[in-house]
Amino acid sequence: MKNEHPDPYKAVFEACEEGIFVVNKEGTIVMANRASHKLFGYEEGELIGLSVELLVPPAVRGVHIDDRKAYEANPAPRQMGHGRDLAGRRKDGSEFPVEISLNMAQIDNVYHTLAFAIDISERKKIEEALKRSEEQLIVYAAELEKRVTKRTQDLDNTIRQLERVNADLEDQVRIRKKAEDETRLALSRERELNELKSRFVSMASHEFRTPLSTMLSSASLIERYKEPGTEEKRQKHINKIKSAIGNLTNILNDFLSLSKLEEGKVGLEKEDIKINEVLKDITDDMADICKNGQNIIIDIDEKEILFHTDEKILKNILINLLSNAIKYSEANTDITVIIREDPDLLTITVKDQGIGIPEGEQKHMFERFFRAKNATNIQGTGLGLNIVKKYVDMLEGEISFSSKLNEGTTFSIDLPKIV
Ligand SMILES: Nc1ncnc2c1ncn2[C@@H]1O[C@H](COP(=O)(O)OP(=O)(O)O)[C@@H](O)[C@H]1O
Ligand SMILES: [Mg+2]
């Protein structure tokens, strides 16, 4: 077949950029366009009549024949060698990557195979370059990931180290803070005790003066009453001395009780005590310091009340309250002690008809060294009620009071039964 065939189809055939072959059943090339000659390195027209297997590398010729047969048995347009790389063989024996698509065409009533071939060297090169860079990318990504993992690990370690250091520091801060708190507490306790002592010294030097000068003058008067018939006067001054000594003892007792309490030296020793007997002991003792006509009346429901408590502490509380009641009320007045019991509480009330406490000053009642203005002419330390409050706290009880100026004062203590 000549290329200058006037047939327009032929012209299209020849103008095609793809190599086009028409192959018969025997595998002989019956038509081949210009591009196909060029593709396989043949002179124009040289391919006609040649076996198509010549265009295939010798190693795959057998496979090619089988493929061709299979295609003829089931001819549908398709790509040849789908999924594998095809190679074409040039006349000079060199090989090149090729892509071939197949079709069937009827020529002179006989089926022929139509093959379209393109050189895909460039595409392959690009594909390979892409693949190579893809592989590089993968390697690079893997490398990067490794580095990130390593860095993350390093950071993790650093963070963990920092956390450990932080925890250590927090511990240290806590320990120091505790030591600081303890020191501060010890210091404030020390300061309070010192203040207590120095206030006591100034209070004592003031309060001691009166009883001491009473004693001195009474003693020198007794010295003068030597004659018979002056016994009564002597006795009067002896009593004055006794009461002055009593006052001094009270001051010392208050102070000793308070410093013992402050130093935490007072312990609880509870036992079952008979309230009636304890009260009787105390009131008998207090009778000595009662003024003329002062009566201590005991108002108690039961004949015998048993109560589980610390006897010394309870006695101290009652002595303090009763000595106040006596001290801060006039001769010829009643002082009443009321005992009431309910299932949970023992209530002790001490009531007097004395000078009372000015309303504005009542809020300071339990403060250390507090003395109301209307009491300044009466001997005292201002420590008794502070001590009473501390004792009541130790027994887990409650203390309250009510008072009216010049009418009287009532103190009440609630002590829980089961502690
Ligand atoms: N029964 C009372 N009647 C009036 N005033 C009282 C009574 N008990 C306490 N007070 C007032 O409370 C103050 C504090 O009492 P207390 O602590 O016992 O100290 P002190 O009796 O040594 O003065 C007293 O100085 C007094 O002003
Ligand atoms: Mg007192």
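Not measured: the values here are computed from a predicted model.

### Focus on the overall build of the protein chain
Per the secondary structure count, the protein chain includes eight helices and 13 strands. In terms of overall size, the protein chain is more extended than a compact globule, its C-alpha atoms giving a radius of gyration of 62 Å where 419 residues would be expected to give roughly 22 Å. Structurally, the protein chain occupies a C-alpha span of about 185 × 45 × 40 Å along its principal axes. Split into buried and exposed, the 419 residues of the protein chain put 19% on the buried side.

### So, the site of ligand 1
Ala372, Ala375, Gly380, Gly384 and Leu385 are the nearest of the 21 residues found near ligand 1. For the shell around ligand 1, the secondary-structure elements that each account for two or more residues are helix H7 (311-327) and helix H8 (384-394). With three residues, the single largest contributor to the shell around ligand 1 is H8. Residues that form the shell around ligand 1 fall into these classes: ten nonpolar, nine polar and two charged.

### Observations concerning the packing of helix H5 (residues 231-262) against H8
As a packed pair, H5 and H8 sit with axes 10 Å apart at the nearest point and diverge in direction by 40 degrees. Classified by the angle their axes make, H5 and H8 are oblique. For the pair H5 and H8, the crossing hand works out as left-handed. Taken together, the residues of H8 that come into contact with H5 (itself represented by Asp254, Ser257, Leu258 and Leu261) are Gly384, Asn386, Ile387 and Lys390.

### Some words on H8
Among the residues of H8, Gly384, Leu385, Asn386, Ile387, Val388 and Tyr391 are the ones counted as buried. Contacts made by the buried residues of H8 are with H5, H7 and strand S12 (398-404). Among the residues trailing H8, glutamate 396 stands out with phi positive, at a value near 55 degrees.

### Comments concerning the domain arrangement of the protein chain
Each assigned domain of the protein chain is listed here: domain 1 (8-119), domain 2 (125-265) and domain 3 (267-416). Taking the mean C-alpha position of each, domain 1 and domain 3 sit 130 Å from one another.

### Details of the sheet that holds strand S13 (residues 408-416)
In any sheet, the strands associate via hydrogen bonds between backbone groups, in a parallel or an antiparallel arrangement. Pairing within the open sheet is mixed, and its five strands lie in the order S8-S10-S11-S13-S12. Since the sheet does not close on itself, it has two edges, and those belong to strand S8 (295-300) and S12, each with one partner. Across the sheet, the mean angle from the axis of one strand to that of its neighbour is 15 degrees, orientation sign disregarded. Across seven bridges, the pairing between S12 and S13 is antiparallel. Note on S13: the bridge partner recorded for phenylalanine 401 is phenylalanine 411.

### Concerning the pairing of strand S11 (residues 345-351)
Sheet topology note: the strand S10 (residues 334-341)/S11 ladder contains six bridges and is antiparallel. Each bridged residue has a counterpart across the sheet, and for isoleucine 339 the counterpart in S11 is isoleucine 348. The antiparallel pairing of S10 with S11 creates a hairpin that spans three residues between the two strands. Across seven bridges, S11 lies against S13 in antiparallel orientation. Bridge pairing in S13 links lysine 351 to threonine 410.

### Some details on the packing of helix H6 (residues 275-286) against H7
Axis angle and axis distance: for two packed helices, these are the angle between their axes and the distance between the axes, and together they describe the pair. The N-to-C vectors of H6 and H7 enclose an angle of 40 degrees; their axes lie 10 Å apart at closest approach. One way to sum up the angle between H6 and H7 is to call them oblique. In this structure, the crossing between H6 and H7 has a hand that is right-handed. Facing Val278, Ile282 and Met286 of H6, the residues of H7 in contact are Glu311, Leu314, Lys315, Leu318, Ile319, Leu322, Ser323 and Ile326. Across the contact of H6 with H7, the residue classes tally to eight nonpolar, one polar and two charged.

### So, the nonpolar core
One broad rule of soluble globular proteins: the nonpolar side chains tend to lie buried together. Among the nonpolar cores identified, the biggest contains 27 residues, and Ile317, Leu321, Leu322, Ala325, Val350, Val388 and Ile413 are the most heavily contacted of them. Contributions of two or more residues to this core are made by H6, H7, S10, S11, H8 and S13. Considering every element that reaches this core, the biggest residue donor is H7, with seven residues. Setting aside chain neighbours within four positions, we find valine 388 in contact with Ile317, Asn320, Leu321 and Ile399.

### Examining the environment of tyrosine 111
As for its placement among the helices and strands, tyrosine 111 is situated in strand S6 (residues 110-119). The spacing of tyrosine 111 and valine 23 is 88 residues in sequence and 9.3 Å in space, taken between C-alpha atoms. Once residues within four sequence positions are removed from consideration, tyrosine 111 is found in contact with Met104 and Gln106.

### Some thoughts on the environment of threonine 210
Among the secondary structure elements, threonine 210 is positioned in helix H4 (residues 121-224). Along the backbone, threonine 210 and phenylalanine 370 are 160 residues apart, and their C-alpha atoms lie at a distance of 19 Å.

### Observations regarding the environment of glutamate 43
You can see glutamate 43 is positioned in the loop between helix H2 (34-40) and helix H3 (61-73). Between the C-alpha atoms of glutamate 43 and alanine 204, which are 161 residues apart in sequence, the distance is 141 Å.

Parameters and conventions
Residues numbered from 1 in each chain as written. Chains lettered and ligands numbered in written order. Predicted model: local features only at pLDDT ≥ 70, side-chain atom pairs only at ≥ 80, totals over all residues. Helix = DSSP H or I, 4+ residues; strand = E, 2+ residues; numbered from the N terminus. Rg over C-alpha atoms; globule rule 2.2 N^0.38 Å. Buried ≥ 20, exposed ≤ 12 C-beta atoms within 10 Å, placed from the backbone. Near = placed C-beta within 6 Å. Nonpolar A, V, L, I, M, F, W, Y, C, P; charged D, E, K, R; others polar. Axes fitted to C-alpha atoms, helices over the stretch in contact; angles between N-to-C directions. Parallel < 35°, antiparallel > 145°, perpendicular 65-115°, else oblique. Left-handed = near helix turned anticlockwise from the far one by under 90°. Contact = placed C-beta atoms within 7 Å. Domains from an automatic or database assignment. Pairing = 2+ DSSP bridges. Core = buried A, V, L, I, M, F, W, Y, C linked by C-beta atoms within 7 Å.

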